[in-house]
Amino acid sequence: RKEVEQDPGPFNVPEGATVAFNCTYSNSASQSFFWYRQDCRKEPKLLMSVYSSGNEDGRFTAQLNRASQYISLLIRDSKLSDSATYLCAVEGVGDSWGKLQFGAGTQVVVTP
Amino acid sequence: ETGVTQTPRHLVMGMTNKKSLKCEQHLGHNAMYWYKQSAKKPLELMFVYNFKEQTENNSVPSRFSPECPNSSHLFLHLHTLQPEDSALYLCASSVKGLAGQQFFGPGTRLTVL
């Protein structure tokens, strides 16, 4: 099993709609989780950190489900500019502390 | 944005060439990272430097040689690469202890012929 797994998509979303997708992680001891956004041919940029109680930033909501070992990202009222690949990242524990393990990303395409 | 810069942005090299990638961060960070990103694959962490000391060498072949002369600069020296090494090489920096909040450079698109 991969350490961090994401549905590659693409998720085709009409403008104004809501889209949600998950990221599963294999190490139950993991504590810190992040969502990055990567536009085509650009570098990843931190979108949100994921706290145990969930985290909301405007139209974006991140949730953590420890029992099932996944984090989710929900985008409300999708904009054309939300089209990107969303990378999930999990910080290592123990000897891997301070290092991020990334998923391969979920592609979101928002259509007019 | 000029927080983390990388040069060159594009590089084409033969398998016998020697080249270097440069990364510079202007954010006052003390941890720097090299990643390899291949199409449809997750970012692969290659090297980590904390306060100029290498703390991670993620089973990277010796044809990749990192150098971190100070907290602001990071190099990746390349020699006798293989075509499968063609990828986007990303540099990132963070405050040590806040590895989740990394700032990435624009990357170097490397093609090995």
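Note that the structure is a prediction, hence the values are computed from the model and not measured. Each chain has its residues counted from 1, running along the sequence as written. Each chain gets a letter, beginning with A, and each ligand a number, beginning with 1, in the order they are written. Only residues with pLDDT of at least 70 are given local features in this predicted model, and only at 80 or more are side-chain atom pairs given and counted; all residues enter the totals for whole chains, interfaces and linings. Each side-chain value is worked out from all heavy atoms of the structure, with water and hydrogens disregarded.

## Some details on the overall build of chain A
- In DSSP terms, a helix is any run of H or I states spanning at least four residues, a strand is any run of E spanning at least two, and both are numbered starting from the N terminus. Of the regular secondary structure elements, chain A holds 0 helices and 11 strands.
- Along chain A, helices and strands appear, N-terminal first, in the series β-β-β-β-β-β-β-β-β-β-β.
- Every radius of gyration here is taken over C-alpha atoms, with the globule rule written as 2.2 Å times N^0.38, N being the number of residues. For chain A, whose C-alpha radius of gyration is 14 Å, the value lies close to the compact-globule estimate of 13 Å for 112 residues.
- In terms of overall dimensions, chain A has a C-alpha envelope of 45 × 30 × 20 Å along the principal axes.
- Contact definition: two residues touch when any of their heavy atoms are within 4.5 Å. Pairs at least 24 apart in sequence give 56% of the contacts found in chain A among residues at least 6 apart.
- Note on areas: Shrake-Rupley with a 1.4 Å probe; residue coverage comes only from the protein chains shown. Total accessible area computed for chain A in this model is approximately 5600 Å², and 46% of it derives from carbon and sulfur atoms.
- All tallies of charge rest on Lys and Arg as positive and Asp and Glu as negative; His and the ends of each chain are not included. Charge positions come from single atoms, namely NZ of Lys, CZ of Arg, CG of Asp or CD of Glu. For chain A, the centre of its 11 positive side-chain charges and the centre of its 12 negative side-chain charges are spaced 2 Å apart.

## Let's talk about the environment of B:Q102
- As for its position among the elements, B:Q102 is in the loop between β9 (87-94) and β10 (103-104).
- The buried label applies to any residue whose accessible area, calculated with a 1.4 Å probe on protein chains only, is under 20% of its type's maximum; exposed applies above 50%, and partly exposed to all values in between. Overall, the relative accessible area of 2% leaves B:Q102 in the buried class.
- Considering only alpha carbons, one finds B:Q102 and B:T7, 95 residues apart in sequence, at a separation of 19 Å.
- When residues no more than four places from it in sequence are discounted, the contact partners of B:Q102 are A:Y36, A:L100, B:Y33, B:Y35, B:A92, B:S93 and B:S94.
- Counting of polar contacts relies on pairs of N or O atoms within 3.5 Å, with two restrictions inside protein: one atom must be capable of donating a hydrogen and the other of accepting it, and residues adjacent in sequence are counted only when both atoms are side-chain atoms. Of the polar contacts made by the side chain of B:Q102, one reaches the side chain of B:Y35; its length is 2.9 Å.

## Remarks on the state of the cysteines
- Disulfide assignment relies on a single distance test, namely cysteine sulfur atoms paired within 2.5 Å. Under the criterion given, the structure shown has 2 disulfides over all chains.
- The partner cysteine of A:C23 in its disulfide is A:C88, sulfur to sulfur 2.0 Å. The S-S bond linking A:C23 to A:C88 shows a torsion near -70 degrees; that makes this disulfide left-handed. On the criterion of sequence distance, the pair formed by A:C23 in strand β3 (residues 19-25) and A:C88 in strand β9 (residues 84-91) is long-range, its members being 65 residues apart.
- Given the relative accessible area of 0%, A:C88 is considered buried.
- Bridging B:C23 to B:C91, the disulfide has an S-S length of 1.9 Å. Disulfide B:C23-B:C91: the torsion about the S-S bond is -70 degrees, which places it as left-handed. In this pair, B:C23 is assigned in strand β3 (residues 18-25) and B:C91 in strand β9, connecting sequence segments 68 residues apart.
- Judged by its relative accessible area of 0%, B:C23 falls in the buried class.
- The exposure class of B:C91 is buried, given its relative accessible area of 0%.
- The thiol sulfur of B:C68 is not disulfide-bonded, and the nearest other cysteine sulfur, from B:C91, lies at 9.0 Å.
- Assessed through its relative accessible area of 12%, B:C68 is described here as buried.

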